[in-house]
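Tertiary structure, described
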Amino acid sequence: MTSFGGDWEDAYVEAVVEPFEDETGASVELVTLYSADAMTQVTAQASAPQFDVVHFSGGQEAIAAEEGLISPINSEELTNFPDLAEGVADSLEEGQGPAIQVTPMGIIYHTEAIDEAPTTWSDILNDDYAGHVAFTDLTNAYGVQTLLAINSELGGTVNDVTPGMEAIGGNVSNGDGIVVATSPDLQAAFAQRNTWIAPYAQDYAFTLIEAGLPVEFTVPESGTTVSYVTANVVEGRENEDAATALIDYSLTPEAQEIFAESMRYTPVNTEVALSDEVENSVLAPEELDTVERVDPHAIDENERDWQDNWNRLITE
């Protein structure tokens, strides 16, 4: 199956792989592939698939389902389905896998440089932070999600990202902000490039905190988007039942607790019991109906144009 590597893989092995292997006697092999690369591989292997389970964080499951690359999961096959939070398995009927992890987009800010938590996305563009802002490239799913969140607050829509694109483009072209490509690049920006503020995700903010950086994470009062990590059964493999059982295991309260405690993902199972510290630092499963998940089809239809405009405004 595919993995995102690093801390994510460590948490996944602890929460799912090791206990699943112990209980079933199965052997699970992980291959590090980020979402876009995973989609490319699954597409190329359509006639002879090599993976049993593929994980996506950028909405690729919607396209994979339409193209018959992943196998539909019936809700009755998931013993944890009755306890899942609203929205995380709504796309099963469309052939997509459930969300096993959820992270809202928000703002990471340097507590030694910024006294009060930002309350809106527009705060990122404050002149007081000029020269100390980091944005994420659109090749990263979190970059897409935060563009859409900023754009929405500025009056744009998923079909018109001009307000957000021009705001970010103007900030970067003026030298007020920089663009990073990956999560480790963002950590380096805070640690080594005098970054004070950046739009990013709840889960990775915790990674920065754990690394000893003086940062905090906040979700703007004006609202936010959310990123789903989905687990999907690859079509055409002999192990579909075992793959479905593995996905079901990732939805258990025990696995969800580890995801939340070790990486600050919002649990998708409403029966999870969290420590007070974690409960106070993540959105609760019951709060997921207050955040927006942008239609993956809309992202797929527009992403190429967004990338072209981004390259024109940001990287040229």
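Before going into details, it helps to say that this report is about the structure given with it. Bear in mind that the values here come from a model prediction, so they are computed numbers and not experimental data.

1. Some thoughts on the overall build of the protein
Each helix and strand in the protein was counted, giving 11 helices and 10 strands. At 19 Å, the protein has a C-alpha radius of gyration in line with the 20 Å of a compact globule built from 316 residues. With respect to the three principal axes, the spread of C-alpha positions in the protein is 55 × 45 × 30 Å. Counting the 316 residues in the protein, one finds 53% classified as buried. If you take every contact in the protein between residues at least 6 apart in sequence, the share linking residues at least 24 apart comes to 72%. For the protein, the exposed area adds up to about 13800 Å²; of that, 41% sits on carbon and sulfur atoms. Distance between charge centroids for the protein: 11 Å, based on 6 positive and 60 negative side chains.

2. Description of the nonpolar core
The nonpolar side chains of soluble globular proteins are, as a tendency, buried together. Ranked by size, the top nonpolar core spans 80 residues in total, and within it Tyr12, Val88 and Ile108 carry the most contacts. Those residues within four positions of Val88 in sequence are excluded, and the remaining contacts are Pro98, Ala99, Val102, Tyr228, Val268 and Leu288. Core analysis: the second largest hydrophobic core is formed by 13 residues, Ile63, Ala64, Ala65 and Val234 among them.

3. Structural notes on the pairing of strand E10 (residues 226-234)
On any regular strand, side chains alternate: one points to one face of the sheet, the next to the other face. In terms of burial, E10 is largely enclosed, as nine of its nine residues are buried. Going residue by residue along E10, you find Val226, Tyr228, Thr230, Asn232 and Val234 tucked away on one face and Ser227, Val229, Ala231 and Val233 tucked away on the opposite face as well. Note that strand E3 (residues 53-56) and E10 share four bridges and pair antiparallel. Looking across to E10, one finds that Val53 is bridged to Val233. Two elements, strand E4 (residues 70-71) and E10, share two bridges in a ladder whose sense is antiparallel. Within E10, the position partnered with Ser71 by the bridge is Val233. The sheet contact formed by strand E5 (residues 99-110) and E10 spans five bridges and is antiparallel. For Thr103, the partnering residue across the bridge sits in E10 and is Ser227.

4. Quick look at helix H1 (residues 6-24)
Compared with the 27 Å implied by 1.5 Å per residue over 19 residues, the 25 Å span of H1 between its first and last C-alpha is a close match. The sharpest bend along H1 reaches about 50° and sits at Val13. Listing the buried residues of H1 in full gives Trp8, Ala11, Tyr12, Ala15, Val16, Val17, Pro19 and Phe20. Check the buried side of H1 and you find it contacts strand E1 (2-3), E3, E5, E10, helix H8 (240-250) and helix H9 (253-263).

5. Details of the packing of aromatic side chains
Applying the stated criterion across every chain yields a total of seven aromatic pairs. Between the aromatic rings of Phe4 and Trp8, the centroid separation amounts to 4.9 Å while the plane-to-plane angle is 70°, which identifies the pairing as edge-to-face. Like Trp8, Phe4 is buried. Taken together, a centroid distance of 5.1 Å and an interplanar angle of 85° make the contact between Tyr142 and Tyr200 edge-to-face. One end of the pair, Tyr142, is in helix H4 (residues 141-153); the other, Tyr200, is in strand E8 (residues 197-201), and 58 residues separate them in sequence. In this structure Tyr200 comes out as buried when scored by relative accessible area, which is 0%. These aromatic residues form a ring-pair network of at least three members: Phe4, Trp8, Tyr12, Tyr34 and Phe259.

6. Here we look at unusual backbone geometry
One non-glycine residue, Asn194, lies in positive phi territory at about 60°. Note that Asn194 resides in the loop between helix H6 (183-192) and E8. With relative accessibility at 45%, the residue Asn194 sits in the partly exposed group. Phi angles above zero are rare outside glycine, and Arg264 is one such case at about 65°.

7. Considering the pattern of salt bridges
Going through the model one piece at a time under the given rule, you end up with three salt bridges. Here Asp52 makes a salt bridge to Arg237, at a shortest N to O gap of 2.9 Å. One end of the pair, Asp52, is in the loop between helix H2 (35-44) and E3; the other, Arg237, is in the loop between E10 and H8, with 185 residues separating them in the sequence. Taking relative accessible area as the criterion, Arg237 reaches 27% and is therefore assigned partly exposed. Across the salt bridge formed by Glu61 and Arg293, the nearest N and O atoms sit 2.5 Å from each other. Of this pair, Glu61 sits in helix H3 (residues 60-66) while Arg293 sits in the loop between helix H10 (276-279) and helix H11 (296-315), and the two are 232 residues apart along the sequence. When its relative accessible area of 0% is taken as the criterion, Glu61 is described as buried.

Rules behind the numbers
Residues numbered from 1 in each chain as written. Predicted model: local features only at pLDDT ≥ 70, side-chain atom pairs only at ≥ 80, totals over all residues. Heavy atoms only, no water. Helix = DSSP H or I, 4+ residues; strand = E, 2+ residues; numbered from the N terminus. Rg over C-alpha atoms; globule rule 2.2 N^0.38 Å. Buried < 20%, exposed > 50% of the residue type's maximum accessible area, 1.4 Å probe, protein only. Contact = heavy atoms within 4.5 Å. Areas by Shrake-Rupley, 256 points an atom, 1.4 Å probe, with all protein chains shown as cover. Lys, Arg positive; Asp, Glu negative; His and termini not counted. Charge placed at Lys NZ, Arg CZ, Asp CG, Glu CD. Core = buried A, V, L, I, M, F, W, Y, C linked by side-chain atoms within 4.5 Å. Pairing = 2+ DSSP bridges. Expected span 1.5 Å × (residues − 1). Bend = angle between axes of the 7 residues up to and from the residue. Phe/Tyr/Trp six-rings, centres within 6.5 Å; stacked < 30°, edge-to-face > 60°. Salt bridge = Lys/Arg side-chain N within 4 Å of Asp/Glu carboxyl O.

Honestly, that's just the spatial picture; any functional story needs more than this.
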